[in-house]
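Understanding the architecture of this molecule
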Amino acid sequence: MKEMRKIPLTIEALSPLVLTAGSQGAILTESGDAISGAIVRGMIAARFIEAQNLGRAAHESEAFRRLFTGALKFSAAYPSKGGKSAMRLPLSLQKDKLSSALADLSASDGTALKGYKPLKGCGIVRGAAIERVETAKNISLHMSRDEDGERLAGKSTEGGIYSYESLLPGQAFCGEIVGEEADIQEFLTSIDCEDGAFLSQIGKSRSTQYGLCRIALNAPAPLEPLDQSLLSSTLRLRLATPLLSDAAFSRNAREVLDEEFLAPLKESAESDDFSLGRIFAASASASNFVGVWNMRRPTQFGLDAGSIFELKKASPWTSRDAAALAALLAEGAGSRTEEGFGRLALWTVDAPTLFEATQERPERRPVKSERARAIVRAVLRRRIAQSVRLAAYKDAS
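This one's a predicted model, so the numbers in the text were calculated from it and none came from an experiment. (Residues numbered from 1 in each chain as written. Predicted model: local features only at pLDDT ≥ 70, side-chain atom pairs only at ≥ 80, totals over all residues. Heavy atoms only, no water.)

**Some thoughts on the overall build of the protein**
In terms of regular secondary structure, the protein is built from seven helices and 27 strands. Seen through its principal axes, the protein has C-alpha atoms that stretch 80 × 60 × 45 Å. For the protein, the proportion of contacts with a sequence separation of at least 24, taken over those separated by at least 6, is 74%. Side chains of the protein give 51 positive and 49 negative charges; the mean places of these two sets differ by 11 Å. (Helix = DSSP H or I, 4+ residues; strand = E, 2+ residues; numbered from the N terminus. Contact = heavy atoms within 4.5 Å. Lys, Arg positive; Asp, Glu negative; His and termini not counted. Charge placed at Lys NZ, Arg CZ, Asp CG, Glu CD.)

**Section: the layout of surface pockets**
A water-sized probe rolled over the atoms picks out the places where empty space is left. Reported here for the second largest pocket is a volume of approximately 1300 Å³. When residues of the lining of the second largest pocket are traced back to their parent elements, those giving at least two are strand 1 (4–13), strand 5 (84–85), strand 6 (87–88), strand 10 (122–126), strand 14 (172–180), helix 6 (319–331) and strand 26 (344–346). Here the lining of the second largest pocket takes five residues from helix 6, the largest share from any one element. For the lining of the second largest pocket, the per-class residue count stands at 24 nonpolar, seven polar and 10 charged. (1 Å grid on protein atoms, 1.4 Å probe; cavity = no way out; pocket = protein on both sides within 12 Å on 5 of 7 lines; lining within 4 Å. Points joined across faces, edges and corners; volume = space filled by probe spheres on them. Nonpolar A, V, L, I, M, F, W, Y, C, P; charged D, E, K, R; others polar.)

**As for unusual backbone geometry**
A positive phi angle, close to 55°, is found at Asn53, a residue other than glycine. With respect to the element layout, Asn53 can be found in the loop between helix 1 (37–52) and helix 2 (62–71). Judged by its relative accessible area of 70%, Asn53 is exposed. Phi is positive for Arg336, which is not a glycine, with a value near 60°. Residue position: Arg336 is located in the loop between helix 6 and strand 26. (Buried < 20%, exposed > 50% of the residue type's maximum accessible area, 1.4 Å probe, protein only.)

**Examining the environment of Gln201**
Secondary-structure assignment places Gln201 in strand 15 (residues 197–201). By relative accessible area, Gln201 is classed as partly exposed at 35%. Taking the C-alpha atoms as reference points, Gln201 and Gly211, separated by 10 residues in sequence, lie 4.8 Å from one another. Sequence-distant contacts of Gln201, defined by excluding residues within four places in its chain, comprise Arg206, Tyr210, Gly211 and Leu212. A polar atom in the side chain of Gln201 sits 2.7 Å from the backbone oxygen of Arg206. A polar side-chain atom of Gln201 sits 3.2 Å from the main-chain carbonyl oxygen of Tyr210. (Polar contact = N/O pair within 3.5 Å; in protein donor to acceptor, adjacent residues only side chain to side chain.)

**Describing the side chain of Arg297**
Residue placement: Arg297 occurs in the loop between strand 23 (295–296) and strand 24 (300–303). Overall, the relative accessible area of 19% leaves Arg297 in the buried class. Arg297 has contacts with Arg41, Ser287, Asn288, Val290, Arg336 and Glu339, leaving out every residue within four places of it along the chain.

**Let's talk about the sheet that holds strand 2 (residues 28–29)**
The three strands lie next to each other as 2-13-12, forming an open sheet whose pairing is mixed. The open sheet has two edge strands with one neighbour each: strand 2 and strand 12 (137–143). One ladder, built from two bridges, connects strand 2 with strand 13 (residues 161–167); its direction is parallel. Considered in strand 13, the bridge of Thr29 is made with Tyr164. (Pairing = 2+ DSSP bridges.)

**Regarding the nonpolar core**
Counting residues in each nonpolar core, the largest one holds 33 residues, and the members touching the most others are Ile11, Ile35, Ile44, Phe68, Ile177, Phe187 and Leu217. Broken down by secondary-structure element, the contributors of at least two residues to this core are strand 1, helix 1, helix 2, strand 14, helix 4 (181–191) and strand 16 (212–217). The element best represented in this core is helix 1, accounting for five residues. Beyond its immediate chain neighbours, meaning those up to four positions away, Ile44 contacts Leu9, Phe68, Phe74, Ile177, Phe187, Phe198, Ile215 and Leu217. (Core = buried A, V, L, I, M, F, W, Y, C linked by side-chain atoms within 4.5 Å.)

**Description of the packing of aromatic side chains**
Applying the stated criterion across every chain, the model contains eight aromatic pairs. Residues Phe68 and Phe74 carry aromatic rings whose centres are separated by 5.5 Å and whose planes lie at 5° to one another, so their mutual orientation is stacked. With respect to burial, Phe68 and Phe74 carry one shared label: buried. Both rings, one in Tyr164 and one in Tyr210, keep their centres 5.5 Å apart while their planes meet at 75°; by these two values the pair is edge-to-face. In this pair, Tyr164 is assigned in strand 13 and Tyr210 in the loop between strand 15 and strand 16, connecting sequence segments 46 residues apart. On the basis of relative accessibility, which here comes to 7%, the residue Tyr164 falls in the buried class. The class for Tyr210 is buried, based on a relative accessible area of 2%. In textbook terms, an aromatic cluster arises when at least three aromatic residues are bridged by ring pairs, as seen for Phe48, Phe64, Phe68, Phe74 and Phe187. Of note, Lys313 hangs over the ring of Phe274, and the distance from its end group to the ring centre comes to 5.3 Å. Residue placement shows Lys313 over the ring face of Trp317; its charged tip is 5.8 Å from the ring centre. (Phe/Tyr/Trp six-rings, centres within 6.5 Å; stacked < 30°, edge-to-face > 60°. Lys NZ or Arg CZ within 6 Å of the ring centre and 35° of its normal.)

As structure tokens, this is what we get:
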């Protein structure tokens, strides 16, 4: 097997980020919770072009084409907490509506539990404990004022009013770049970063008040090998990022996994007795605008991040079987793996628990002003009286 290495990276938002996600309306542009691998690849490719002075002739560079169209895999950057990256939670997780109890349908018979609902979003997994991670967002109202008269008046006569949902500055996102050692070294030499950090503009309206961020590349490290002790007759695999198919139409999850994961695995492995078990999945599609082309890419369909499925094997694992699986885990499956799509990971948590972070209350300072005390007492009395009157009104009606 090829010796694969990774470059951990951290992206810090220095200004609000508008990262278009999902279906967008005419009024509100929603932002996602992570920085996609396509955006990560784009910002690093821009740095490569600048450092090598390629300009608009970057496509003529053999090194650029090789590194950014297959040799390197740019994974999505998910929000981090305490320096640890979050991940998209498996779709098999469910949470009790009235408590913090969790259940994983992939570790049971798969029957939906009464009183439970899906646990969505991102989280950090430490052993069996799952801590949810949410990004801080804000919605800003904007007006489109094209003519000089509109700008002076401070209003839009054509009704061009819209809103952006943005990720607030100060948040950090962690991802990684995966590739062979020779390609990793060539890449680091070519981007010419002394301290491994540079600034970039990403997302929507990045030429105005949005999109400024700082990306820091850490020292290369070996990619974690596949733990042979985890291999068994039934494995659970989780999609860390969406898995895309080359088909121009949506298909069911089993067909997608058969073609994009199981077929390549059987082709590289020694055994041929692999099969798919239960699947907990949701559909996904990808279609983004390419500024260089000035047009949108064709929409591709597949399975969403967090989808989880069982990989079954009738006979014992051989070293070649393990190497074939490890290669798919390292390089990804399906289409557009260079943009971070199709990243997979083993899911080994059987009895997950929800970790609720407790916020420390700031120490209260004593109020020394008697006038301030009197004002607070008057406000509290008024609020209590209002609550009593409201309760009496509801009771009487």
